Amino acid sequence: QVQLVESGGGLVQAGGSLRLSCAASGRTFSSYNMGWFRQAPGKEREFVATINWSGARTYYGDSVKGRFTISRDNVKNTVYLQMNSLKPEDTAVYYCAADRGTTAQTMAVQFSKGMDYWGKGTLVTVSS
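So, here is what we can say about the structure in this document. (Residues numbered from 1 in each chain as written. Predicted model: local features only at pLDDT ≥ 70, side-chain atom pairs only at ≥ 80, totals over all residues. Heavy atoms only, no water.)

Details of the pattern of salt bridges
Then comes step 1: Per the counting criterion, the structure on display carries four salt bridges.
Then comes step 2: Here Asp-90 ties to Arg-67 by a salt bridge, and the two come within 2.8 Å at their closest N and O atoms. Of the two residues, Asp-90 sits in the loop between β8 (78-83) and β9 (92-99) while Arg-67 sits in the loop between β6 (58-60) and β7 (68-73), which places them 23 residues apart along the sequence.
Then comes step 3: Taking the relative accessible area as the measure of exposure, Asp-90 reaches 1% and is therefore buried.
Then comes step 4: Through salt bridges with shared partners, a single network forms among Arg-38, Glu-46, Arg-67 and Asp-90. (Salt bridge = Lys/Arg side-chain N within 4 Å of Asp/Glu carboxyl O. Helix = DSSP H or I, 4+ residues; strand = E, 2+ residues; numbered from the N terminus. Buried < 20%, exposed > 50% of the residue type's maximum accessible area, 1.4 Å probe, protein only.)

Looking at the packing of aromatic side chains
Remark: the centre distance and the inter-plane angle together describe each pair of aromatic rings, the angle taken between the planes.
Then comes step 1: Summed over the entire model, instances satisfying the criterion amount to five aromatic pairs.
Then comes step 2: Measuring from centroid to centroid gives 6.0 Å for Tyr-32 and Tyr-117, while their planes differ by 65°, and the two rings are edge-to-face. In this pair, Tyr-32 sits in the loop between β3 (18-24) and β4 (33-39) while Tyr-117 sits in strand β10 (residues 117-118), placing the two residues 85 residues apart along the sequence.
Then comes step 3: Measuring from ring centre to ring centre gives 5.3 Å for Phe-37 and Trp-118, while their planes differ by 65°; the resulting arrangement is edge-to-face. On the criterion of sequence distance, the pair formed by Phe-37 in strand β4 and Trp-118 in strand β10 is long-range, its members being 81 residues apart.
Then comes step 4: Among the residues examined, Phe-37 registers a relative accessible area of 0% and is labelled buried.
Then comes step 5: Joined through ring pairs, the aromatic side chains of Phe-37, Phe-47, Tyr-95, Phe-111 and Trp-118 make up one cluster.
Then comes step 6: Above the face of the Tyr-95 ring, Arg-45 is positioned so that its terminal group lies 3.8 Å from the ring centre. (Phe/Tyr/Trp six-rings, centres within 6.5 Å; stacked < 30°, edge-to-face > 60°. Lys NZ or Arg CZ within 6 Å of the ring centre and 35° of its normal.)

As for the nonpolar core
Then comes step 1: Core analysis: the largest hydrophobic core is formed by 30 residues, its most contacted members being Leu-4, Met-34, Trp-36, Val-79, Leu-81, Met-83 and Tyr-94.
Then comes step 2: Not counting residues up to four positions away in its chain, the partners in contact with Met-83 are Gly-16, Ser-17, Leu-18, Leu-20, Arg-67, Phe-68, Tyr-94 and Val-124. (Core = buried A, V, L, I, M, F, W, Y, C linked by side-chain atoms within 4.5 Å. Contact = heavy atoms within 4.5 Å.)

By themselves, these figures tell us nothing about what the structure is for.
Structure, rendered in structure tokens:
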């Protein structure tokens, strides 16, 4: 079993930055591909960024490319999402997910079919 706990959300002005963290329990964190996804009020959950088990490969949604950076620390069992130049349309609940059987690239398009584990989310609100 893996438990994922997100943190770092909050209220920020447009143009500002936040760093989200997702802490994972268990000793097998380094074998999981990880991802960040978000869901805005009244909208479907969407792909934000994924990273493979080693951290060598990362993938980003078009709306965040160039502004967000995903990274991981396999010693601390944590994955991060650095968010810069935030916009009001980035407002959403951000969820962390882990999957061992799906590549990081495939997670970006197949996450709605189910990931091994999901966190409960952290709310990010960007004011204009």
